[in-house]
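Observations on chain architecture
For reference, the chains in residue letters:
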Amino acid sequence: MVPNACEATFFQLQIDDITSQISQLRSRLSELEDQLQLHRAVLSPVRRTPVEILGQIFAHFLPDVLQTGARDNLVEIQLVCKSWRDAARLTHKLWSALSFEDLTSVAYKKIRQWFDRAGSIPKHLVYSAVSHDACTDQSFACGSLQSSAIATLLVSLEGTLDHLSLEYKGPKCFQNLLDSLGAAEEGPTSRRPWHPLKSMTLGFDEEWIESPNPLRSMFHHLPPNITSFELRLPNKWSDAFEDGEDSFTAPLPLPQNLLEGLSSFTLCCNWDGTQWLEAALGHCVNVETLTMDFMTSFWLYHENDPHTKRLLSSGLLLPKVRTLRLKNVFAASIDILCALKAPQLVELDIDFDFDDDMDWEFSQPVLSFVERSKCDTTLRSFHLRYPYIRAEELSATLRGLPFLTHVTLESVSMETTAGFFDVLEVLENGPQPYLPNLETLDLLQLRPDFEFDALLDFLKSHRPYRMENGKPVFKNPQDAFKQLTVTYQETTKEKQELDRSEVVEVLRKWGGISVNIGPILYVD
């Protein structure tokens, strides 16, 4: 029935009244929801998170060495609330490393205050001048200004720094710094700001002008007390050389007293020949950790050169090296092992730069190096990363190192997807027991379709078992093997082998082994 005008007015008033009540209730509901959120926030686990945990989260979020943007982020984090500020201030690691590209307008007092918040942990300063024009006679004023700034900063930080990193285009810029520091040492206060340094990194990007005489070399003026040194030399294909072959004869006048004082030495160099090799390592009689970075390039040498023949036949003695790391190695550069001898070696770590050429020998240079070094009584850890290698080369290498206790194979690529299966199968069925002393096996960045049958057979060779009612029954007690780690490459969602129940059951029931599997990370 259609309402008359009076009834229509009545119902419209009722509608307006109900609508008004709904609006008021919604407003009240919104206020209550806001209050509820605030009250829940007070009881939120985040508020109860210890400041130590918050600090670790901040440290994970920020880079290890803070440049301008990261320093601003750390300041902003402290503005969120008092607990965040307290967490940041109590996390000394956040304040321990700074990086600058221009120091002419920096307040040195504030840098000192920043480092003071790092407490007693080691402090690291990085100064990079590679973005500036190279120092020449024409640009001397600009280079001198920057050198004076870094020298003044070092004076203000005297006794504070544990590690100093300097990056230049060429030696001329570094010489400007040495001149500025020399002026400070000869001044009325006679300051020697970097003499207390124990650790230093020095890098050159595009130029190399050095005297072959160590007494006239800039290296002669490095801090006298450093025991850890990283030297980054210009790429042989850079502007430092007119031709790549010029690196064969480039002088590298490292003073004997500098090298003899080092316990840790990192050399980034892809120069050719053996002259640089003997100059850099000939007096490393106390180095225990040696890292050689080939800068993703190959190493060339003249086999018929008499000096090279002698070096390759006898090997350059590294009497105290316990850890040898070869980084960014091309397949052809593995021959560098033929020029070295390390009788006290404990850990060998080889990190390849990806090269799709498989026609190269790996086991022969490695095993010959170990035999020449006579380090079979000390060598225990072998880490191989990112190689493209034939299965028989890898299996021959591992079979020739039965004394290893720790093996890491990361992102190992082979000619077929069954490559790992072939390696483990060859090792398991070989004439001699395979790695009888193995305690830790790390298989990292595997393909998600990795065949676990091969791994199970390998584990069975260490501790035989049989399956009864879906459960493994072991015949022998646990041997030396204690830890297995498996991680995967990122992949799209596809079938992978780990879900098979037998694999899980064997690993779960193994006993005495710490097993860390996965996770598999999926990408779109």
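As a starting point, this report considers the structure included with it. (Residues numbered from 1 in each chain as written. Predicted model: local features only at pLDDT ≥ 70, side-chain atom pairs only at ≥ 80, totals over all residues. Heavy atoms only, no water.)

1. Some points on the overall build of the protein chain
Note the following rule: Labels follow the DSSP assignment, with helices taken as runs of H or I lasting at least four residues and strands as runs of E lasting at least two, numbered in each case from the N terminus. The buried label goes to any residue with under 20% of its type's maximum accessible area, the exposed label to any with over 50%, and the partly exposed label to all in between, with areas taken from a 1.4 Å probe on protein chains only. Each accessible area value is a Shrake-Rupley result obtained with a 1.4 Å probe; residue values ignore everything except the protein chains displayed when judging cover.
Of the regular secondary structure elements, the protein chain holds 15 helices and 18 strands. When each of the 524 residues of the protein chain is scored for burial, the buried share is 45%. Total accessible area on the protein chain stands at roughly 26,800 Å², and carbon and sulfur atoms take up 51% of it.

2. Here's the deal with a negative patch on the surface
Put simply, the rule reads: Two joining distances apply to patches: 9 Å for like charges and 5 Å for nonpolar side chains (Val, Leu, Ile, Met, Phe, Trp, Tyr), and every residue must have over 30% relative accessible area and no salt bridge. Just to be clear on terms, a salt bridge is a Lys or Arg side-chain nitrogen sitting within 4 Å of an Asp or Glu carboxyl oxygen. A residue counts as positive if it is Lys or Arg and as negative if it is Asp or Glu; His and the chain ends are not included. For charged residues, the charge sits on one atom: NZ in Lys, CZ in Arg, CG in Asp, CD in Glu.
A cluster of like negative charges, contributed by Glu242, Asp243, Glu245 and Asp246, occupies part of the molecular surface. Tracing the backbone shows Asp243 in the loop between strand E5 (228-232) and helix H8 (256-260). Judged by its relative accessible area of 41%, Asp243 is partly exposed.

3. Overview of the packing of helix H2 (residues 51-61) against helix H4 (residues 82-90)
Our working rule: Note on geometry: axes are C-alpha line fits, over the in-contact stretch for helices, and angles between N-to-C directions span 0 to 180 degrees. Comment on the angle field: the value is read as roughly parallel under 35 degrees, roughly antiparallel over 145, roughly perpendicular from 65 to 115, and oblique elsewhere. We call two residues contacting when some pair of their heavy atoms lies within 4.5 Å. In this classification, the charged set is Asp, Glu, Lys and Arg, the nonpolar set is Ala, Val, Leu, Ile, Met, Phe, Trp, Tyr, Cys and Pro, and all remaining amino acids, among them Gly, are polar.
Packing of H2 against H4 brings their axes to within 8 Å, and their N-to-C directions diverge by 75°. The angle between H2 and H4 falls in the class roughly perpendicular. Taking contact as the criterion, the partners of Val51, Leu54, Gly55 and Phe58 in H2 are, on H4, Ser83, Trp84, Ala87, Ala88 and Leu90. Grouping the amino acids of the contact of H2 with H4 by side-chain chemistry returns seven nonpolar, two polar and no charged.

4. Focus: the pairing of strand E14 (residues 440-446)
We count it as follows: The rule for pairing is simple: two strands pair if DSSP sees at least two bridges between them.
Counting buried residues in E14 gives six out of seven residues, a clear majority hidden from the surface. Note that strand E13 (residues 406-410) and E14 share five bridges and pair parallel. Within E14, the residue paired with Val407 across the bridge is Leu441.

5. Points about the packing of aromatic side chains
Convention followed: Ring geometry is summarised as follows: Phe, Tyr and Trp rings, the Trp one being its six-membered ring, pair when their centres sit within 6.5 Å, and such pairs are stacked at plane angles under 30 degrees, edge-to-face over 60 and tilted between the two.
Throughout the structure, instances matching the rule amount to 14 aromatic pairs. Aromatic rings pair up to connect Tyr127, Tyr168, Phe174, Trp194, Phe204, Trp208, Phe219, Phe241 and Trp271 into one cluster.

6. Some remarks on a nonpolar patch on the surface
A grouping of Trp237, Phe298 and Leu300 is seen on the molecular surface, where their side chains present a nonpolar patch of about 310 Å² in accessible area. By the element assignment, Trp237 lies in the loop between E5 and H8.

7. What to know about the nonpolar core
Under the convention used in this document: What makes a nonpolar core is a set of buried Ala, Val, Leu, Ile, Met, Phe, Trp, Tyr and Cys residues whose side-chain atoms join them at distances within 4.5 Å. An automatic or database domain assignment supplies the start and end points of every domain.
Judged by nonpolar contacts, the single largest core of 129 residues is most densely connected at Phe174 and Phe265. Mapping this core onto the domain boundaries places at least three of its residues in each of domain 1 (51-95) and domain 2 (96-207). Residue contacts for Phe174: discarding those within four places in its chain leaves Leu166, Tyr168, Trp194, Met200, Leu202, Phe204, Met218 and Leu222.

8. Description of the side chain of Ser180
Tracing the backbone shows Ser180 in helix H7 (residues 171-186). Classification of Ser180 by relative accessible area gives buried; the value is 17%. For Ser180, the contacting residues outside a window of four places in its chain are Ser147, Ser148 and Ala151.

9. Re unusual backbone geometry
Although it is not a glycine, Met295 sits at a positive phi angle of roughly 55°. Inspection of the secondary structure puts Met295 in strand E7 (residues 289-297).

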